[in-house]
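Residue-level listing of the chains:
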Amino acid sequence: MIQRSNKTTINDVAHLAGVSKKTVSRVINRSPKVGDKTREKVEQVILKLNYTPDPQARGLASKKSFLLGLVYDNPNSAYVSDIQQGVLDQCRAEGYELVVHPCDHRNINLAAELNRFTERLKLDGAVLLPPLSENAQLANIFTNASCQYVRIASVQLDKPAHLVQTYDRLGVNQIADHLVDLGHRQIGFIHGPKDSLSAMERYEGFKNALAAHNIKLSKKHVAWGAYTFESGAACAAQLLSNDDSRPTAIFASNDEMALGAMVAAATLNIGV
């Protein structure tokens, strides 16, 4: 009979499963050296005892920190929250912890800041969100620190193993086609930040899709935003201020600016 303290140990799991402590460690660290039947038996005991591995001991044994970093500078809180939840779900499944690191992509000391962040925590991996993911220098920081990384981007900036690519052009093509199918010809466009590759991808994709319908996206129908609610409202007010060239539809390059545009329209008593 096992004499357990308040906290179950790896020795308890090994004793009840009838295996060595090293085998339990291999199961926890998902080593391919453990057979399926042994793995299943150990996992059942872990569930039965509600055993949680000590992250420090686990790190020492495997020479890993079991820490992932989420590095971002994005004004769209809903986007960041969705990405964070997705990463967290996978972290829980794999036994990792997530460290969130917001920063300013315009900071001239950003490279040094991220280098300290990576080295201090001994990160095993990092996820970079746009616009940070568009900076090759930042990706090199993780490479030099032997830290795996993934860049989320709208263009093919890296090898497939280091990239999750979003197909922004395809998305805006479909939106443009839909607006044209609804009968719109005077269409406004709220652009994202000038230094953002995703913003340019969405603009080029939308403009080209309209051109395929023989519709030109007029410069007077383009306003420059910043991926923020406030800029979306200001841009929409600008586009809707001229009765002679007022667009009948507006495309905003992200959800935050779209919400701002809807508020601006409501302020002008324009139904959406």
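Above this text is the structure in question.
Below you will find a few notes about this structure. All values derive from a computational prediction rather than experimental measurement.

Calculation rules
Residues numbered from 1 in each chain as written. Predicted model: local features only at pLDDT ≥ 70, side-chain atom pairs only at ≥ 80, totals over all residues. Heavy atoms only, no water. Helix = DSSP H or I, 4+ residues; strand = E, 2+ residues; numbered from the N terminus. Rg over C-alpha atoms; globule rule 2.2 N^0.38 Å. Buried < 20%, exposed > 50% of the residue type's maximum accessible area, 1.4 Å probe, protein only. Contact = heavy atoms within 4.5 Å. Pairing = 2+ DSSP bridges. Right-handed = clockwise from strand over helix to strand, strands pointing away. Phe/Tyr/Trp six-rings, centres within 6.5 Å; stacked < 30°, edge-to-face > 60°. Lys NZ or Arg CZ within 6 Å of the ring centre and 35° of its normal. Axes fitted to C-alpha atoms, helices over the stretch in contact; angles between N-to-C directions. Parallel < 35°, antiparallel > 145°, perpendicular 65-115°, else oblique. Left-handed = near helix turned anticlockwise from the far one by under 90°. Expected span 1.5 Å × (residues − 1). Salt bridge = Lys/Arg side-chain N within 4 Å of Asp/Glu carboxyl O.

Let's talk about the overall build of the chain
The helix and strand tally for the chain stands at 11 helices and eight strands. In terms of overall size, the chain is more extended than a compact globule, its C-alpha atoms giving a radius of gyration of 25 Å where 272 residues would be expected to give roughly 19 Å. In terms of its C-alpha atoms, the chain occupies a principal-axis envelope of roughly 85 × 40 × 35 Å. A burial count over the chain gives 44% of its 272 residues as buried. The contacts of the chain with a sequence gap of at least 6 include a subset with a gap of at least 24, amounting to 63%.

Comments concerning the pairing of strand β2 (residues 97-102)
Here six bridges tie strand β1 (residues 67-72) to β2, and the two strands are oriented parallel to one another. Across the sheet, G69 pairs through a bridge with V99, a residue of β2. Taken together, β1, helix α5 (residues 77-94) and β2 constitute a β-α-β crossover, and its handedness is right-handed.

Describing the pairing of strand β6 (residues 187-191)
In terms of burial, β6 is largely enclosed, as five of its five residues are buried. Bridge count for β6 against strand β8 (residues 249-252) is four bridges, and the pairing is parallel. Across the sheet, residue G188 finds its bridge partner in β8, namely I250. Handedness of the β-α-β unit built from β6, helix α9 (residues 197-211) and strand β7 (residues 222-224) comes out right-handed.

Notes on the packing of aromatic side chains
How two aromatic rings sit relative to each other is set out by the distance from centre to centre and by the angle between their planes. This structure, assessed with the given rule, holds five aromatic pairs. Between F189 and F251, the ring centres sit 5.2 Å apart and the planes meet at 20 degrees, which makes this aromatic pair stacked. With F189 in strand β6 and F251 in strand β8, this pair connects stretches of sequence that are 62 residues apart. Neither F189 nor F251 differs from the other in exposure class; each is buried. Ring centres of F206 and F251 lie 4.8 Å apart, and the angle between their planes is 20 degrees; this geometry places the pair in the stacked category. Here F206, found in helix α9, pairs with F251, found in strand β8; they are 45 residues apart in sequence, far enough to count as distant. Judged by relative accessible area, F251 falls into the buried class, the value being 7%. Through a chain of ring-to-ring contacts, the aromatic side chains of F189, Y203, F206 and F251 assemble into a single cluster. A cation sits over an aromatic face here: K194 above W224, 5.0 Å from the ring centre.

Observations concerning the packing of helix α1 (residues 10-17) against helix α3 (residues 36-49)
Packing of α1 against α3 brings their axes to within 9 Å, and their N-to-C directions diverge by 125 degrees. Between α1 and α3, the interaxial angle falls into the category oblique. At the point where α1 passes α3, the crossing takes the right-handed sense. Residues D12, V13, L16 and A17 of α1 pack against K41, V42, V45, I46, K48 and L49 of α3.

Let's talk about α9
For α9, which comprises 15 residues, the first-to-last C-alpha distance of 21 Å matches the rise-based estimate of 21 Å (1.5 Å per residue) to within 8%. Of the positions making up α9, those classed as buried are S198, A199, E201, R202, Y203, G205, F206, A209 and L210.

Quick word on the sheet that holds strand β5 (residues 163-165)
With parallel pairing, the five strands of this open sheet are ordered in space as β2-β1-β3-β4-β5. Both edges of this open sheet fall to β2 and β5, since each of them pairs with a single strand only. Taken pair by pair, the neighbouring strands of this sheet meet at an average axis angle of 15 degrees, ignoring direction. In this sheet, strand β3 (residues 125-128) lies alongside β1 in parallel orientation, the contact comprising four bridges. Bridging from a neighbouring strand, V71 pairs with L128 of β3. On the sheet, α5 packs against β1, β2, β3 and β4 (148-153) and is oriented at approximately 155 degrees with respect to β2. Packed on one face of the sheet, helix α6 (residues 110-121) meets β1 and β2 and runs near 160 degrees to β2.

Considering the pattern of salt bridges
Using the criterion set out here, one finds seven salt bridges in the structure. With its nearest N and O atoms 3.7 Å apart, the salt bridge here joins K122 to E119. Judged by relative accessible area, which is 37%, E119 ranks as partly exposed. Note that K207 is salt-bridged to E204, the shortest N-O span being 3.6 Å. Residue K207 and its partner E204 are both found in helix α9; the two are separated by three residues, about one turn of the helix.

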